[in-house]
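Report on the structure
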Amino acid sequence: MGLPLYAYFASYEDPPIITKINTKLFSVEDYLTLSPGDGPIYTSAIDIKKQLLYFGANTSPGRITKVRISDFTKISSLDLDTEDEYVYGIKINPTTQKAFVALGTFPGRAARIDLETFAKDASIEFPVLRGYTTTPLLANERNRVYFTTSGPVDSTEPSHLQNCSQDPFVRISELQINPNPYILYCAEIDSQGNYAYLEYFEGFILYLAKIYLPTMSLASKINISTITEGMAGAVIAENRGEVIFVTKDIPSKILIFSLTPFDLIETIDLGQDVFWPTGIVYNPLYQKVYFPIITAPITIIEFDLRSKTITKTLLLDPSIGSIVSATIELSRIKLDYLPLVGIG
């Protein structure tokens, strides 16, 4: 339990700054400034097999930058094709060494990156009224990857969860999750790849839904329309049997849902000075979450899920303007030593 587990927070600016935080000491270990054109960073992922970090930029065309963890240095950047704009999400299958990239184009697109060659090797273009692709979710044992898409913001076209196979990289089916356009900022999936947890609308009523992915069907839903205006970030804490969302309200809240039975078990108001936290990550060793809030300078919050309180705050370098992306070295944790709560 003495691992100095590191979290990485990427700034939404160009050139972007990556902040490396030692979560054991809750202190800044180092900063890395990337090259002009590598930002602003919207999303990030870690390759747990090769111990590499990948940062996706909200640029046209989209750019992905690779960073080595061992010496915290940039290796290279990959510019995607002209039509592959705005990297909104990255998830990595460490076994196949493929990365799945959500692109914020319209119509919506997704790309697959071969990490061994660091080159795009496949793409999907979704139907014409499915755009602004976000939140890739991997179900590796079932060879699936899921994305969310939205209709045009000035239309009445619905939003969907897209079901795709990883190899071949093709679209299979979809599930409507909102009868209106809605860009989903976050969603989570359990480690078995069976259930996704995300916002779901019926009319104008907002729910937190549990989707059974093998049949692309709604398993359960909880009305949260009187609690929040929407979600800003999510993490799954399977050793606690919970999925945790932070909201985009002012002040923001943390909503804790049990996985089985699926229920809202706690709503925690974070206080007037905490609003729209993003880039949230979970440390299962300490049962804490970490997220940035928009202050000057940027503040990282440490929130203890056991005491249900903010335990520490950390001010970053004043040159960092904003942060929307984070990742954590979960690969360094031997999860078989953690008490897992069954899900289903």
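Residues numbered from 1 in each chain as written. Predicted model: local features only at pLDDT ≥ 70, side-chain atom pairs only at ≥ 80, totals over all residues. Heavy atoms only, no water.

1. A word on the overall build of the protein chain
Secondary structure summary: the protein chain contains zero helices and 28 strands in total. The C-alpha atoms of the protein chain give 19 Å as radius of gyration, which agrees with the globular expectation for 344 residues (20 Å, within 12%). Taking all 344 residues of the protein chain together, 58% fall into the buried category. Taking the contacts inside the protein chain whose residues are at least 6 apart along the sequence as the reference set, 44% of them involve residues at least 24 apart. Total accessible area computed for the protein chain in this model is approximately 13,300 Å², and 52% of it derives from carbon and sulfur atoms. Taken together, the 28 basic and 38 acidic charged side chains of the protein chain have centroids lying 5 Å from each other. (Helix = DSSP H or I, 4+ residues; strand = E, 2+ residues; numbered from the N terminus. Rg over C-alpha atoms; globule rule 2.2 N^0.38 Å. Buried < 20%, exposed > 50% of the residue type's maximum accessible area, 1.4 Å probe, protein only. Contact = heavy atoms within 4.5 Å. Areas by Shrake-Rupley, 256 points an atom, 1.4 Å probe, with all protein chains shown as cover. Lys, Arg positive; Asp, Glu negative; His and termini not counted. Charge placed at Lys NZ, Arg CZ, Asp CG, Glu CD.)

2. Quick notes on the pattern of salt bridges
Close approach of charged atoms lets side chains of opposite charge pair. Within the structure shown, the criterion is met by 22 salt bridges. With its nearest N and O atoms 2.9 Å apart, the salt bridge here joins Asp-81 to Lys-120. Linking Asp-81 in the loop between strand 7 (73-79) and strand 8 (87-93) with Lys-120 in strand 11 (residues 119-125), this pair joins segments that are 39 residues apart in sequence. Here Asp-249 makes a salt bridge to Lys-253, at a shortest N to O gap of 3.8 Å. Accessibility classification places Asp-249 together with Lys-253 in one group, the buried group. Salt bridges linked by common partners bring Asp-81, Glu-83, Asp-84, Arg-109, Lys-120 and Glu-125 together as one network. (Salt bridge = Lys/Arg side-chain N within 4 Å of Asp/Glu carboxyl O.)

3. Concerning unusual backbone geometry
Along the chain, Ser-60 connects to Pro-61 via a cis peptide bond; the corresponding omega equals -5 degrees. Tracing the backbone shows Pro-61 in the loop between strand 5 (52-57) and strand 6 (63-68). Positive phi outside glycine occurs at Tyr-86, with the angle close to 60 degrees. As for its position among the elements, Tyr-86 is in the loop between strand 7 and strand 8.

4. A closer look at the packing of aromatic side chains
Considering all chains together, one arrives at 14 aromatic pairs under this definition. On the numbers, 6.4 Å between centres and 70 degrees between planes, the contact of Tyr-12 with Tyr-42 is edge-to-face. Of this pair, Tyr-12 sits in the loop between strand 1 (6-11) and strand 2 (17-22) while Tyr-42 sits in strand 4 (residues 41-47), and the two are 30 residues apart along the sequence. With a centroid separation of 5.8 Å and an interplanar angle of 55 degrees, the aromatic rings of Tyr-54 and Phe-118 are classed as tilted. (Phe/Tyr/Trp six-rings, centres within 6.5 Å; stacked < 30°, edge-to-face > 60°.)

5. Regarding the sheet that holds strand 15 (residues 170-178)
Taken together, the four strands give an open sheet; going across it, the order is 12-13-14-15, and neighbouring strands pair in antiparallel fashion. Two strands close off the open sheet at either side, each with one partner strand: strand 12 (131-139) and strand 15. Sheet twist, expressed as the mean angle between neighbouring strand axes with direction ignored, is 25 degrees. When strand 13 (residues 144-150) meets strand 14 (residues 159-165), the two strands line up antiparallel, connected through six bridges. Of the residues in strand 14, the one forming a bridge with Phe-147 is Gln-162. (Pairing = 2+ DSSP bridges. Axes fitted to C-alpha atoms, helices over the stretch in contact; angles between N-to-C directions.)

6. Here we look at the sheet that holds strand 6
The pairing of strands in a sheet comes from backbone hydrogen bonds and takes either a parallel or an antiparallel form. Strand order in the open sheet formed by four strands is 4-5-6-7, with antiparallel pairing between adjacent strands. Single-partner strands in this sheet number two, and they are strand 4 and strand 7. Here the strands of the sheet are splayed against their neighbours by 20 degrees on average, with no regard to which way each runs. Note: strand 4 against strand 5, six bridges, orientation antiparallel. Across the sheet, Asp-47 pairs through a bridge with Leu-52, a residue of strand 5.

7. Looking at the environment of Ile-183
Positionally, Ile-183 belongs in the loop between strand 15 and strand 16 (188-189). For Ile-183, a relative accessible area of 27% puts it in the partly exposed group. Residues Ile-183 and Gly-321, 138 residues apart in the sequence, show an inter-C-alpha distance of 24 Å. Ignoring sequence-local partners within four residues, the contact set of Ile-183 consists of Tyr-132, Thr-134 and Ser-150.

8. Section: the confidence of the model for the protein chain
When pLDDT drops low, the exact placement of atoms in the prediction is not to be read closely. Of the residues in the protein chain, 95% reach a pLDDT of 70 or more, and the chain-wide mean stands at 91. A low-confidence stretch, residues 331-344 stays under pLDDT 50, and its non-local contacts, those more than four residues away or across chains, total 35 contacts. (pLDDT = per-residue confidence, 0-100.)

9. Details of the nonpolar core
With 35 residues, the main nonpolar core has Leu-161, Tyr-197, Ile-211, Phe-245 and Phe-257 as its most contacted residues. Sorting the residues of this core by element identifies strand 12, strand 15, strand 17 (195-202), strand 18 (205-212), strand 20 (231-237), strand 21 (242-247) and strand 22 (253-258) as the ones contributing at least two each. If you tally residues by element for this core, the top one is strand 17, at six residues. Those residues in contact with Tyr-197 that sit more than four places away from it in its chain are Ala-187, Glu-188, Leu-208, Ala-209, Lys-210, Ile-236, Val-243, Phe-245, Leu-259 and Phe-262. (Core = buried A, V, L, I, M, F, W, Y, C linked by side-chain atoms within 4.5 Å.)

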